[in-house]
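# Tertiary structure, described
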Amino acid sequence: MPLLLCDAEDAPALWAWRHLVGRGVALDVVTSADLMRAHRWEHRLEGGTARALVELSDGRTIDTAEVRGTLNRLTAPRAELLGRAVESDRDYAVQEVWAMWMSWLHTLPEPVLNRVTPPSLSGPWPSYPQWLVHASEAGLRTAPWAGGETEPPRPHTAPMLFVAAGAVVGPRAPASVVRGCRALSAAVGCALLGVWFGPGWTFAGATAQPDLRRGGRALVDVLANALRGLE
């Protein structure tokens, strides 16, 4: 049973789900709201192996021993869904839920796009200066940085390459850029990564939550193979 973990409002994830189903990947969609409303959580450590079981309010049960591939785009627990928590306790309750989700996500078997990487639920979230360092070390061309946290503007027309399970999808790019994107994905431990570029294929930023729709059918094909464990 492959999983798609996302927010109910994640339009790119739901777009990918529709097309993956069309490729024969029967993804079971589980939203952050579904997880917040779950009736039961069970987490066991047996013989050095972790196994988790989540019983959702709609009757579905997620047993990590039966999961076969995950596309993970979870962002954060939804505080507004903590219906019985008093306002003064909500921040604390969200942090506790966050910790529980991180532990649960860690039990999911490969392939997982993207794995939980503390403190993020779905892939790394470096600052822009940190991305610049990683990109430069990966061999990508970077522009000088003047300081501060401000990222450069990225128009919708800015080229974006996707790295998914080691494959690079997007507009035709120089071989050195393709290699750099693969190296960047490996360096930050992000199996599904979107990388923006400016003029001259200069690195302009990266994200673990790219708009999958921009990758089109080619990206869906790669995701389908990865979730089937064929990459």
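Structural data are supplied above this passage.
This text gives an overview of the structure that appears in the document. (Residues numbered from 1 in each chain as written. Predicted model: local features only at pLDDT ≥ 70, side-chain atom pairs only at ≥ 80, totals over all residues. Heavy atoms only, no water.)

Attention shifts here to the nonpolar core. Core analysis: the biggest nonpolar cluster contains 28 residues, and Leu 4, Leu 20, Leu 71, Leu 192, Leu 212, Leu 219 and Leu 223 have the highest contact counts within it. Elements with a contribution of two residues or more to this core: strand S1 (3-6), helix H1 (11-22), strand S9 (160-164), strand S10 (167-169), strand S11 (192-198) and helix H6 (216-227). With 7 residues, H6 is the largest single contributor of residues to this core. For Leu 71, the residues in contact, after removing those within four places along its chain, are Leu 3, Leu 4, Leu 5, Leu 20, Leu 113, Leu 192, Leu 212 and Leu 227. (Core = buried A, V, L, I, M, F, W, Y, C linked by side-chain atoms within 4.5 Å. Buried < 20%, exposed > 50% of the residue type's maximum accessible area, 1.4 Å probe, protein only. Helix = DSSP H or I, 4+ residues; strand = E, 2+ residues; numbered from the N terminus. Contact = heavy atoms within 4.5 Å.)

Our focus in this paragraph is the sheet that holds strand S12 (residues 202-207). Strands sit in the order S8-S12-S11-S9-S10 across an open sheet of 5 strands; the sheet is mixed. Strands at the two margins of the open sheet, each flanked by one partner only, are strand S8 (141-142) and S10. Where S9 and S10 come together, 3 bridges link them in antiparallel fashion. Following the sheet pairing, Ala 164 is matched in S10 by Ala 167. Docked against the sheet, helix H4 (residues 128-137) engages S8, S11 and S12, running at close to 120° with respect to S12. (Pairing = 2+ DSSP bridges. Axes fitted to C-alpha atoms, helices over the stretch in contact; angles between N-to-C directions.)

Let us look at the packing of aromatic side chains. The tally for this structure, following the rule as stated, stands at 2 aromatic pairs. A ring pair is formed by Trp 41 and Trp 104, whose centres lie 5.6 Å apart and whose planes are at 90°; its orientation type is edge-to-face. Of the two residues, Trp 41 is situated in strand S3 (residues 40-46) and Trp 104 in helix H3 (residues 90-106); the sequence distance between them amounts to 63 residues. Judged by its relative accessible area of 25%, Trp 41 falls in the partly exposed class. On the basis of relative accessible area, Trp 104 is assigned to the buried category, the value being 1%. Considering the side-chain rings of Phe 197 and Trp 201, the 5.2 Å spacing of their centres and the 65° angle between planes classify their relative orientation as edge-to-face. (Phe/Tyr/Trp six-rings, centres within 6.5 Å; stacked < 30°, edge-to-face > 60°.)

For the rest of this paragraph, the subject is the pattern of salt bridges. Following the criterion strictly, the structure yields 11 salt bridges and no others. A salt bridge links Arg 115 to Glu 110; its shortest N-O distance comes to 2.9 Å. Taking relative accessible area as the criterion, Glu 110 reaches 54% and is therefore assigned exposed. Note that Asp 211 and Arg 213 form a salt bridge whose closest N and O atoms lie 2.9 Å from each other. Exposure remark for Arg 213: the relative accessible area of 40% places this residue in the partly exposed category. Each of Asp 28, Asp 34, Asp 58 and Arg 60 takes part in one network of salt bridges that share partners. (Salt bridge = Lys/Arg side-chain N within 4 Å of Asp/Glu carboxyl O.)

Moving on, we get to the side chain of Thr 107. For Thr 107, the position within the fold is in the loop between H3 and strand S7 (112-113). In terms of polar contacts, Thr 107 uses its side chain to reach the backbone carbonyl oxygen of Trp 104, at 2.6 Å. Setting aside residues no more than four positions away along its own chain, Thr 107 makes contact with His 43, Ala 50, Ala 52 and Thr 64. (Polar contact = N/O pair within 3.5 Å; in protein donor to acceptor, adjacent residues only side chain to side chain.)

A word on H3. Between its first and last C-alpha atoms H3 spans 24 Å; for 17 residues at 1.5 Å apiece the expected length is 24 Å, and the two agree. In this structure, the buried residues of H3 make contact with S1, helix H2 (32-36), S3, strand S4 (49-55), strand S5 (61-63) and strand S6 (70-72). (Expected span 1.5 Å × (residues − 1).)

Of all 6 residues that make up S12, 6 are buried, and the element is covered over most of its length. Of the pairings in the sheet, the one linking S8 to S12 comprises 2 bridges and is parallel in character. The residue of S12 that forms the bridge with Thr 142 is Phe 203. Bridge count for S11 against S12 is 5 bridges, and the pairing is antiparallel. Note on S12: the bridge partner recorded for Phe 197 is Phe 203. Count of turn residues in the S11/S12 antiparallel hairpin: 3 residues, of which Gly 200 carries a positive phi of about 70°.

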